[in-house]
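Okay, here's what each chain looks like letter by letter:
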Amino acid sequence: MDVYSQNPTGQAIMEKWVEGSVGPGWYPLIGKLIDELLCAGWDGQITQIKEKFGSLRAYIGYGSDEIYHIIDKYHALSVHTCEDCGKPGRNKTSPGGYWLHTLCASCRRKETIKRKRWMNERANRCC
Ligand SMILES: [Zn+2]
């Protein structure tokens, strides 16, 4: 994984908690989130980092108001950042309408094509 946090503790957190939990477009965002949290005195305890309803969720053990304010700020930024590539994105329902995803126009097109291909393959299966 590339280095997204400036702090060795932050780098270890990125590798343990972030890789595979969310799309790579959010890695830089999470690196900054972790750095800001550590600067604010956060103890580095994480319960979970994940994507939910197309937004970044970071669950931590304990934090001050300032720490939760930082988490809220990055949650808000995530719904405007493509989860796949990191470009400006929009939080919208995916093709097919099943779940919310934050993607840029280009990544949303790719996802739409992928989904159509998958639907066609399913429809053409014989048994
Ligand atoms: Zn994108």
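See the structure shown above.
Owing to the predicted nature of the structure, the values given are computational and were not obtained by experimental measurement.

Thresholds, definitions, all that
Residues numbered from 1 in each chain as written. Predicted model: local features only at pLDDT ≥ 70, side-chain atom pairs only at ≥ 80, totals over all residues. Helix = DSSP H or I, 4+ residues; strand = E, 2+ residues; numbered from the N terminus. Buried ≥ 20, exposed ≤ 12 C-beta atoms within 10 Å, placed from the backbone. Contact = placed C-beta atoms within 7 Å. Expected span 1.5 Å × (residues − 1). Arc of directions from axis to C-beta. Axes fitted to C-alpha atoms, helices over the stretch in contact; angles between N-to-C directions. Parallel < 35°, antiparallel > 145°, perpendicular 65-115°, else oblique. Left-handed = near helix turned anticlockwise from the far one by under 90°. Nonpolar A, V, L, I, M, F, W, Y, C, P; charged D, E, K, R; others polar.

(A) Highlighting the overall build of the protein chain. Scanning the protein chain from terminus to terminus reveals four helices and four strands. Each helix (α) and strand (β) of the protein chain, taken in turn from the N terminus, gives the series α-α-β-β-α-β-β-α. Along the first, second and third principal axes, the C-alpha atoms of the protein chain reach 55 × 25 × 25 Å. Counting the 127 residues in the protein chain, one finds 24% classified as buried. For the protein chain, restricting intrachain contacts to residue pairs at least 6 apart in sequence, the fraction spanning at least 24 positions comes to 48%.

(B) Molecular detail of the environment of Phe 53. Along the chain, Phe 53 turns up in the loop between β1 (46-52) and β2 (55-60). What makes Phe 53 exposed here is the crowd of 11 C-beta atoms within 10 Å. Measuring from C-alpha to C-alpha, the distance between Phe 53 and Pro 8 comes to 30 Å, with 45 residues separating the pair along the chain.

(C) Inspection of helix α3 (residues 65-78) at higher detail. Spanning 14 residues, α3 covers 20 Å between terminal C-alpha atoms, matching the ideal 20 Å at 1.5 Å per step. For α3, the full list of buried residues reads Ile 70, Tyr 74 and Ser 78. End-on, the buried residues of α3 take up no more than an arc of 80°, which puts them together on one face. Residues of α3 that are exposed and point more than 90 degrees away from the buried face comprise Asp 65, His 69, Asp 72 and Ala 76.

(D) The packing of helix α1 (residues 8-18) against helix α2 (residues 27-39), seen in detail. The geometry of α1 relative to α2 is characterised by a closest axis approach of 10 Å and an angle of 130° between their N-to-C directions. By the angle between their axes, α1 is oblique relative to α2. Here α1 runs over α2; the crossing is right-handed. The segment α1 lies against α2, with Thr 9, Gly 10, Ile 13, Met 14 and Val 18 engaging Tyr 27, Ile 30, Gly 31, Ile 34, Asp 35 and Leu 38. Broken down by class, the residue content of the contact of α1 with α2 amounts to seven nonpolar, three polar and one charged.

(E) Broad picture of α2. Taking 1.5 Å per residue, 13 residues should reach 18 Å; α2 reaches 18 Å between its end C-alpha atoms and fits that length. Of the residues making up α2, those classed as buried are Ile 30, Gly 31, Leu 33, Ile 34 and Leu 37. Taken around the axis of α2, the buried residues stretch over an arc of 160°, which confines them to a single face. Gly 41 sits one or two positions beyond α2 and adopts a positive phi of about 95°.

(F) Expanded view of the environment of Tyr 62. Structurally, Tyr 62 is set in the loop between β2 and α3. Residues Tyr 62 and Trp 42, spaced 20 residues apart in sequence, show a C-alpha to C-alpha distance of 8.0 Å.

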